[in-house]
Amino acid sequence: MVTGGGTGGHTYPALTAVRTLQNRLATEGRALDVLWIGTAEGLEARVAPGEGIAFATVATGKIRRSANPLKMMSAANMRDMARVPLGVAPARKVVADFRPDVVLATGGYVAVPAGLAARMCRVPLVLHEQTVRLGLANRKLAGSATRIAVSSESTVPLLPQDVRGASVVTGNPIRPEVLAGHADKAVQALGLHGFDRRLPTVYVTGGAQGSQQINGVVRDALPWLLQRANVIHQCGPDNVGELRQHAAALPAESAGRYRLAGFVGPELPDVLALADVVVSRSGAGTLAELTALGKPAVFIPLASSAGNEQAHNARHLEEAGAAVALLGDVTADQLRDAVGPLLADPARRAEMTQRARAHGRPDAADRLVDVILSAASN
């Protein structure tokens, strides 16, 4: 049984683990019977059925975190905090009826009632944490877990002393296709025939919906960037029109080195293979992919991420020399200062590639499956 979701950061690692487990069992002539517990509103409600995975819903609350304790005591928070335990009884019935050998919880509010239900039904519970520090749901469930799979060695000393013995470093599962891209395919798929392949290529992304902050900074730095690099800019579907107007004013000799895209879909592995430097947010999934690939990166964290986790992720890699972190109100000048040395010095990019790969775990999904199977057999 799988539980977790709400966002892609919780949903896609779980999905990758399920796919990997299915493939592992198939090689042994065995099949996987899997049920996903989620919420009707979360991303998992679309992803799981779309992958042919049975899906059950459990109502739960959402705690809106804030640095201000008074805001934490808002009426909406009080109502939703009260709803969290109300989901435990329905979740317990689902667990008891399905009778899983093991429950995998990847975070998100729905994981709390489902994880507690697993404990009540005496089913082994495996937690997976994508970020450096345990998220709120996994902190609540840590004492009930059989194993706690974490994405980084630096997570282990941050765990409560009494649960560190249950921890195992697996990394954060990433889709295997991300590791199999081809740069030339990106040129063909996106029509990048105006690119100068003698120059490095920068891939800019703010996530599926784009980032107004990143879009604005890159827009202001674009003439400078295009003198030194080719740029693929994934800006979000709603932002294409405005940026296209801006791009129309670019000099003809550099305009061909700029490719604007609302969304980069199946061609993403090929785009990443082509990219020499990536400018992006620093969510856990992005970090897992870029470090597995060894991509030099300039991170502009989302300031409103839960627990300021994106800034923590970016600083963690910057301290290791595996990325550059730009925090706060980032300007075009700061972006130029961060990207410029990487574009100008292939040796510097190569060193950052090595340091990033030292933090990457391309085999994370297989490691997590090992943990799941071990927990299920004990």
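Just above, that's the structure.
Residues numbered from 1 in each chain as written. Predicted model: local features only at pLDDT ≥ 70, side-chain atom pairs only at ≥ 80, totals over all residues. Heavy atoms only, no water.

Chemist: Sorry if this is basic, but what is going on with the nonpolar core here?
Modeler: Among the nonpolar cores identified, the biggest contains 33 residues, and Val202, Val231, Tyr258, Val279, Val298 and Leu335 are the most heavily contacted of them. At the level of elements, strand 8 (201-205), helix 9 (212-226), helix 10 (240-247), strand 10 (258-261), strand 11 (277-280) and helix 15 (332-344) are the ones that each hand at least two residues to this core. For this core, the element with the most residues is helix 9, which contributes 8 residues. If we skip the residues at most four places from it in the chain, valine 231 touches Phe195, Val202, Val204, Leu222, Leu225, Leu226, Arg257, Tyr258 and Arg259. (Core = buried A, V, L, I, M, F, W, Y, C linked by side-chain atoms within 4.5 Å. Buried < 20%, exposed > 50% of the residue type's maximum accessible area, 1.4 Å probe, protein only. Helix = DSSP H or I, 4+ residues; strand = E, 2+ residues; numbered from the N terminus. Contact = heavy atoms within 4.5 Å.)

Chemist: Mind showing me how you'd approach the sheet that holds strand 9 (residues 230-234) here?
Modeler: Backbone-to-backbone hydrogen bonds join strands into a sheet, with any given pair of strands oriented parallel or antiparallel. With parallel pairing, 6 strands are arranged side by side in an open sheet as 10-9-8-11-12-13. A single partner strand is all that each edge strand has here, and the edge strands are strand 10 and strand 13 (324-325). With 2 bridges connecting them, strand 12 (residues 297-299) and strand 13 associate as parallel partners. Pairing of phenylalanine 299 across the sheet is with alanine 325, part of strand 13. Along the sheet, helix 13 (residues 284-293) makes contact with strand 11 and strand 12, crossing strand 12 at roughly 165°. (Pairing = 2+ DSSP bridges. Axes fitted to C-alpha atoms, helices over the stretch in contact; angles between N-to-C directions.)

Chemist: Help me understand the packing of helix 9 against helix 15, please; the structure alone is not making it clear to me.
Modeler: When two helices pack together, you describe them by how their axes are tilted relative to each other and by the distance separating the axes. For the pair helix 9 and helix 15, interaxial distance at closest approach is 9 Å and the crossing angle is 45°. Put simply, helix 9 runs oblique to helix 15. For helix 9 against helix 15, the interelement crossing comes out right-handed. Taking contact as the criterion, the partners of Val217, Val218, Asp220, Ala221, Trp224 and Leu225 in helix 9 are, on helix 15, Ala332, Leu335, Arg336, Val339, Gly340 and Leu343. Looking at side-chain class alone, the contact of helix 9 with helix 15 contains 9 nonpolar, 1 polar and 2 charged residues. (Parallel < 35°, antiparallel > 145°, perpendicular 65-115°, else oblique. Left-handed = near helix turned anticlockwise from the far one by under 90°. Nonpolar A, V, L, I, M, F, W, Y, C, P; charged D, E, K, R; others polar.)

Chemist: What exactly am I supposed to notice about the environment of glycine 115 here?
Modeler: In this fold, glycine 115 is placed in helix 6 (residues 111-120). Spatially, the C-alpha atoms of glycine 115 and glycine 4 are 9.5 Å apart, while their sequence positions differ by 111 residues. Not counting the four nearest positions on each side in its chain, glycine 115 is found in contact with Leu125 and Leu141.

Chemist: Hey, could you run me through the environment of alanine 111 in this one?
Modeler: Checked against the element boundaries, alanine 111 lands in helix 6. Alanine 111 sits in the buried class, given a relative accessible area of 0%. Remark: the alpha-carbon pair of alanine 111 and threonine 39, spanning 72 residues in sequence, is separated by 9.7 Å. With residues up to four places along the chain from it excluded, the contact list for alanine 111 reads Thr3, Gly4, Ala105 and Leu141.

Chemist: What am I meant to see in the sheet that holds strand 5 (residues 125-129) here?
Modeler: If you walk across this open sheet you meet the 7 strands as 3-2-1-4-5-6-7, and the pairing is parallel. Strands with a single pairing partner mark the edges of an open sheet, and in this sheet they are strand 3 (54-57) and strand 7 (167-169). Sheet topology places strand 1 (residues 2-3) next to strand 2 (residues 35-38); 2 bridges connect them, and they run parallel. If you follow valine 2 over to strand 2, its bridge partner there is tryptophan 36.

Chemist: So what exactly am I meant to see when it comes to the layout of surface pockets here?
Modeler: Over the atoms rolls a probe the size of a water molecule, and in doing so it shows where empty space is left. Of the voids in this model, the second largest pocket is the one considered here, and its volume is about 410 Å³. In this structure, the second largest pocket is lined by 20 residues; those nearest its centre are Leu21, Leu32, Asp33, Asp101 and Val102. At the level of elements, helix 1 (8-27) and helix 17 (364-377) are the ones that each hand at least two residues to the lining of the second largest pocket. With 4 residues, helix 1 is the largest single contributor of residues to the lining of the second largest pocket. In the lining of the second largest pocket, the residues fall into 16 nonpolar, no polar and 4 charged. (1 Å grid on protein atoms, 1.4 Å probe; cavity = no way out; pocket = protein on both sides within 12 Å on 5 of 7 lines; lining within 4 Å. Points joined across faces, edges and corners; volume = space filled by probe spheres on them.)

Chemist: Would you take a moment to explain helix 14 (residues 309-319) for this structure?
Modeler: Side chains that are three or four residues apart share a direction in an α-helix, a result of its 3.6 residues per turn. Among the residues of helix 14, Glu309, Gln310, Ala311, Asn313, Ala314 and Leu317 are the ones counted as buried. Its buried side turned inward, helix 14 meets helix 13, strand 12, strand 13 and helix 16 (346-359).

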